[in-house]
Amino acid sequence: MKKTIRDYDFNGKTALVRVDFNVPVKDGVVTGDDRIVKALPTINYLLDNGAKVVLMSHLGRPKGKYNKDMSLEVVAKKTSELLGKDVKFIPSKEVVDDDVIKEVKSLKEGEVALLENLRFNPGEEKNDDDFAKKLSSLGDIFVNDAFGTAHRAHASNVGVAKFLPSAAGLLIEKEIKYFDEALENPKRPFVAILGGSKVSDKIGVIENLLDKVDSLVIVGAMANTFLKSKGLEVGKSLVEDDKLDLARSIMVSAIDKSVELILPEDVVVAKKIVEGADSRTVELDDVDEDEMILDIGPQTVEKIKDVLKGANTVILNGPCGVFEIEEFSCGTMELAKALAEIDATVIVGGGDSVSAVEKAGVAEKLTHISTGGGASLEMLEGKILPGIDAIEEGENA
Ligand code: ADP
Ligand code: MG
């Protein structure tokens with residue numbers, strides 16, 4: 001067990017908190033505040049416990065150079081609004097300098113500050129010790145609550161932990177809890193639904209989950225490679241021809257491990273991936289050479305729903321089809337609704353999967369919606385995430 005913020009006394013201390021405020025900004029306006037909202041419980045906890053709070057985050061990819069379009073100033077304003085309390089923006093093109101240190105030292109209990117975009121300093125992504133040391137001079141206790149960057153080893157999440165006592169924030173704590181429970185001690189039956197675009201993106205996840213799940217559902221474009229490897233016509237569908245053998249070996253492996261493997265039984269096909277395209281729902285042996293498989297059909301949806309009925313743990317990673325387009329969204333939407341109705345722990349990881357369950361309007365009804373696309377993928381692959389690894393172990397470890 002990693003130490004969490006509940007393991008420390010923050011009274012009169014300065015908490016240096018890595019958050020993920022990498023939010024969408026358009027024309028100087030924050031257009032999506034979800035990531036800020038998700039960090040509020042940790043900030044409020046620290047304030048309620050007498051801390052001074054220094055927030056730090058990256059925004060976009062400034063590649064180690066100052067870029068005024070990627071300044072966090074607008075994010076500080078938005079955070080003030082959402083927190084209902086002034087968030088003092090402390091800018092510096094190098095992120096930390098003597099003036100920044102002075103301003104941070106002058107903060108009073110209950111005050112909150114936000115530093116400039118960490119990635120303006122080339123030391124951040126290089127996990128440079130000097131930069132990490134400078135950052136660490138700004139606080140007494142380091143709190144990591146940026147799950148979205150936990151799969152990266154940077155100065156603000158890995159480096160600083162060398163120089164300060166460390167703790168997981170409430171958001172990271174929740175992410176670890178749900179992923180660990182599902183991957184290490186799942187309530188069975190345990191079902192994984194893996195979709196999305198490429199087998200090559202998800203191979204690590206498939207291999208890790210094959211040893212853990214009772215049923216594995218493969219949908220999305222990824223399924224096309226499996227269908228083709230079984231000798232079926234997939235027309236012009238997205239397929240990875242260099243992964244046909246891999247697909248076959250996964251199917252054999254599933255049999256060896258007594259994992260029920262479910263592939264599409266019927267599909268929605270069209271000649272073009274556009275809104276309003278002519279589409280038809282067909283059996284697997286009825287796909288024409290000039291067509292693409294773009295969604296699962298209703299028979300497949302029913303089959304998956306049957307598997308879900310008995311499930312106690314479900315992981316969804318990857319949509320069933322091109323859900324961005326109405327004509328090919330039905331499978332993903334139906335499945336999302338089914339997930340909201342079952343009495344199981346349901347975890348959703350993957351940027352597009354999260355958008356899909358939000359689009360279906362069921363996100364609130366699911367157990368855990370992961371805040372990190374890349375980080376959740378690495379969790380599902382069974383990897384150790386450097387940003388989490390760097391947090392101190394608690395006594396009961
Ligand atoms: P996630 O972000 O949830 O991990 P991925 O990034 O792996 O998911 O895949 C999402 C993308 O896969 C979506 O943009 C979707 O349009 C695409 N996709 C799903 N099914 C198909 C398909 N049959 N053909 C082409 N693209 C597909
Ligand atoms: Mg994606």
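Structural data are supplied above this passage.
Keep in mind it's a predicted model, so treat the numbers as computed, not measured. (Residues numbered from 1 in each chain as written. Chains lettered and ligands numbered in written order. Predicted model: local features only at pLDDT ≥ 70, side-chain atom pairs only at ≥ 80, totals over all residues. Heavy atoms only, no water.)

Student: It is not clear to me how the pattern of salt bridges should be interpreted in this structure. Could you clarify?
Tutor: Two side chains that carry opposite charge are able to pair once their charged atoms sit near each other. In the structure shown here, the tally under the stated rule is 25 salt bridges. Residue E392 is joined to K3 by a salt bridge in which the shortest nitrogen-to-oxygen separation is 3.3 Å. Note that E392 is positioned in the segment after α14 (386-389) and K3 in the segment before β1 (14-18), a separation of 389 residues in sequence. The class of K3 is buried, set by a relative accessible area of 18%. D69 is paired through a salt bridge with K68; the nearest N and O atoms lie 3.9 Å apart. Look at K68 and you get exposed, because its relative accessible area is 62%. If you follow the salt bridges from partner to partner, you end up with R280, D286, D288 and E291 in one network. (Salt bridge = Lys/Arg side-chain N within 4 Å of Asp/Glu carboxyl O. Helix = DSSP H or I, 4+ residues; strand = E, 2+ residues; numbered from the N terminus. Buried < 20%, exposed > 50% of the residue type's maximum accessible area, 1.4 Å probe, protein only.)

Student: For this particular structure, what's the right way to read the sheet that holds strand β13 (residues 279-283)?
Tutor: Either a parallel or an antiparallel arrangement is found when strands of a sheet pair, and the pairing is made through backbone hydrogen bonds. One open sheet accounts for three strands, arranged β13-β12-β14; its pairing is antiparallel. Among the strands making up the open sheet, the edge pair consists of β13 and β14 (292-296). Recorded for the sheet is a direction-independent mean angle of 40° between the axes of neighbouring strands. Direction of pairing for strand β12 (residues 266-270) relative to β13: antiparallel, over a ladder of five bridges. Pairing of V268 across the sheet is with T281, part of β13. Relative to β14, helix α10 (residues 298-309) is tilted by about 40°, and along the sheet it contacts β12, β13 and β14. (Pairing = 2+ DSSP bridges. Axes fitted to C-alpha atoms, helices over the stretch in contact; angles between N-to-C directions. Contact = heavy atoms within 4.5 Å.)

Student: How do you make sense of the packing of aromatic side chains when you look at a structure like this?
Tutor: The way to describe two aromatic rings as a pair is by their centre distance and the angle between their planes. On inspection of all chains with the given rule, the structure shows three aromatic pairs. With a centroid separation of 5.0 Å and 70° between ring planes, the pair formed by Y66 and F120 is classed as edge-to-face. You can see Y66 sitting in the loop between β4 (52-56) and α2 (73-83) and its partner F120 sitting in the loop between β6 (112-115) and α4 (129-136), a full 54 residues away along the chain. For the pair F147 and F179, a centre-to-centre distance of 6.2 Å together with 15° between the ring planes defines the contact as stacked. Taken together, the positions of F147 in the loop between β7 (141-144) and α5 (155-159) and F179 in helix α6 (residues 170-184) put the pair 32 residues apart, joining distant regions of the chain. Exposure remark for F147: the relative accessible area of 0% places this residue in the buried category. (Phe/Tyr/Trp six-rings, centres within 6.5 Å; stacked < 30°, edge-to-face > 60°.)

Student: Explain helix α9 (residues 244-256) here, please?
Tutor: Taking 1.5 Å per residue, 13 residues should reach 18 Å; α9 reaches 19 Å between its end C-alpha atoms and fits that length. Each element contacted by the buried residues of α9 is listed here: α7 (199-210), α8 (220-229) and β11 (260-262). One or two positions beyond α9, positive phi appears at S258, with a value near 55°. (Expected span 1.5 Å × (residues − 1).)

Student: Quick question: what am I supposed to make of the site of ligand 1 here?
Tutor: Neighbouring ligand 1 are 17 residues, the closest being K202, I293, E324, D352 and S353. The backbone of D352 places a nitrogen or oxygen atom 2.8 Å from an oxygen atom of ligand 1. In this structure, an oxygen atom belonging to ligand 1 sits 2.4 Å away from a side-chain N or O atom of S353. Surface burial for ligand 1 is 84%, taken as the share of its 580 Å² of free accessible area covered by protein chains. Going through the elements one at a time, α8, β14 and α12 (351-359) are the ones with two or more residues in the shell around ligand 1. In terms of residue count, α12 provides more of the shell around ligand 1 than any other element does, three residues in total. Here the shell around ligand 1 is built from residues that sort into five nonpolar, nine polar and three charged. (Near = heavy atom within 4 Å. Polar contact = N/O pair within 3.5 Å; in protein donor to acceptor, adjacent residues only side chain to side chain. Areas by Shrake-Rupley, 256 points an atom, 1.4 Å probe, with all protein chains shown as cover. Nonpolar A, V, L, I, M, F, W, Y, C, P; charged D, E, K, R; others polar.)

Any link to function would need more than the numbers given here.
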